[in-house]
Structures are given as C-alpha cells and as structure tokens.
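Summary of structural features
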Amino acid sequence: MERTASIKRTTKETDISLSLNLDGTGDFEISTGIGFFDHMLSGFAKHGYFDLDLKAKGDLEVDGHHTVEDCGIVLGNAIAKAVGDKKGINRYGYFVLPMDETLVICAVDLCGRPYYSSDVVFRGEKMGDLDTQLIKEFFYSVSYAAGMNLHFKLLFGANDHHICEAMFKAFGKALDMAVALEPRCKDVPSTKGALE
C-alpha cells in the first residue's frame, strides 16, 4: 500500500501544490520563492526519507507569512492523508539532532490531537529571506493540519541558521520514526482503538 498524498490549495494569497511519499528515499523538488525556506524543507525531506514535491506561489510582495503558513497547512494535510488510518504505525517519534554548537530535540505524537510547543527563540529577525517569526507559524500550521503533537526543545545553540536547520532535520527524523510501520502492531496503536 502506497502511503502518498497529493494536495492542491489555492486562495487569493497563495497557490500551492504538494506531493508527499512517506516511504520515499529523500528525493525533493521544492520551490516556494523563499530560498532559505526551500533549504529548510529540503533538509526535512532528505533526512526523513520523504519524497517531497512542493511548488508554491504566494504574495511575497506583501511578505512571506501567507506562503510559509499555507505551506505548513498543506504539508500537514498531506501527512494526515498519507498516513491514512494509522494502523500499524509507531505513532511516536523523537530525535536529538546535533548541528555544530546546536542540539535540538523534536518529539512527535500522531495522536489526532493538535498541539505545538517550542522554547526556541531566534536572535535575529531574518535568516536569508525568511522572517524568523515564521518558523513558529510553519510548525504550528503543520501540527494543527496533521493533528499531531509537535514539540521542540533547544538544549544548546547560538547560530540561528544552525538552530533552524536542526529543527527541520530533527522533525524529519522524528516524523520518519512516527510513521514507520511496527510489525508487532496489528491495529491502531491506542488503547482507545482510534487516533483522531
């Protein structure tokens, strides 16, 4: 069974098409008009072994907010669709990712209930052409659209680029663990019998 999803979302602010394969090899083709954001999403796909094709056109003449937020919504929707009924998955995933002076923890629960928590605070206002405030908006949108608990903890870090990149890569690794199939699990991994 292929665990894939293709989603198109068009509003007056953005036009986004996304294809996701949870059981891929880390191939990616990403174009959002925001170079640093493309770089972060590439790390997520590569290190999570997700095949990700994302094309986004947004009102960047305003700023990057709508583009980044809506990409989060579409990615979250794709994750929820691709993982399906969640039978046989691990459900939980976590990763501690080092990147030079930085150490970030990411933990995921595909429980069906959205929640986002992070203690990461960036020092600068921008990384490349991406507003640092939009990192929270992106992950918040992913968590709510996917119906997942998503937590980040910064243990060490001084460089905004390293911290942000560690977050995206750790999220890819944690999500890969959460969606992985556990051969001992024959049903939904919940005593309630449902993850929604």
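Below you will find a few notes about this structure.

Conventions we followed
- Sequence order as written defines residue numbering, which begins from 1 separately in each chain.
- The predicted origin of the model limits local features to residues at a pLDDT of at least 70 and limits the giving and counting of side-chain atom pairs to 80 or more, whereas totals for whole chains, interfaces and linings rest on all residues.
- With hydrogens and water stripped out, all remaining heavy atoms of the structure feed into the side-chain values.
- Note on terminology: a nonpolar core comprises buried Ala, Val, Leu, Ile, Met, Phe, Trp, Tyr and Cys residues joined through side-chain atoms within 4.5 Å.
- We call a residue buried when its accessible area falls under 20% of the maximum for its residue type, exposed when it is over 50%, and partly exposed in between, using a 1.4 Å probe and counting protein chains only.
- Helix and strand labels come from DSSP, where a helix needs a run of H or I of at least four residues and a strand needs a run of E of at least two; each type is numbered from the N terminus.
- Pairs of residues are marked as contacts when any of their non-hydrogen atoms sit within 4.5 Å.
- Between the rings of Phe, Tyr and Trp (Trp by its six-membered ring), a pair exists once the centres lie within 6.5 Å; its type follows the angle of the planes, with under 30 degrees stacked, over 60 edge-to-face, and the other angles tilted.
- Charged residues are defined narrowly, with Lys and Arg counted positive, Asp and Glu counted negative, and His plus the chain ends left uncounted.
- In what follows, salt bridge is the name for a side-chain nitrogen of Lys or Arg lying within 4 Å of a carboxyl oxygen of Asp or Glu.
- Pairs of cysteine sulfur atoms within 2.5 Å are what we label disulfides.
- Multiplying one less than the number of residues by 1.5 Å gives the expected span of a helix.

So, on to the nonpolar core. Core analysis: the largest hydrophobic core is formed by 59 residues, its most contacted members being V108, F139, M148, M167, F168, F171 and L175. Counting residues per element, this core draws most heavily on helix α4 (residues 160-179), which supplies eleven residues. In this structure, F168 is in contact with F37, M40, L41, F44, I135, F138 and F139, ignoring residues within four places of it in sequence.

One pass over the full model with this rule turns up ten aromatic pairs. Taking 5.2 Å as the distance between ring centres and 35 degrees as the angle between the ring planes, the aromatic pair formed by F44 and F50 counts as tilted. Taking relative accessible area as the criterion, F44 reaches 1% and is therefore assigned buried. Through successive ring pairs, a cluster of aromatic residues spans F37, F44, F50, Y116, F138, F139, F152, F168 and F171.

With respect to the element layout, D38 can be found in helix α1 (residues 35-48). K55 is the oppositely charged side chain nearest to the buried, salt-bridge-free D38, at an N-O distance of 9.4 Å. In contact with D38, other than residues within four places in its own chain, are I30, S31, T32 and G33.

Where two cysteines share a covalent bond between their sulfur atoms, that bond is called a disulfide. In total, this model carries zero disulfides according to the counting rule given. Note on C71: no disulfide assigned, nearest cysteine sulfur contributed by C164 at a separation of 14 Å. Accessibility expressed as a relative area gives 2% for C71, which makes it buried. Distance from the sulfur of C111, which forms no disulfide, to the nearest cysteine sulfur (C106) is 13 Å. Owing to a relative accessible area of 1%, C111 belongs among the buried residues under this scheme.

With that out of the way, let us pick up helix α3 (residues 133-146). Here α3 contains 14 residues, and its C-alpha end-to-end distance of 21 Å stays within 8% of the 20 Å for a straight helix at 1.5 Å per residue. What α3 keeps buried is the set L134, I135, F138, F139, S141, V142, S143 and A146.

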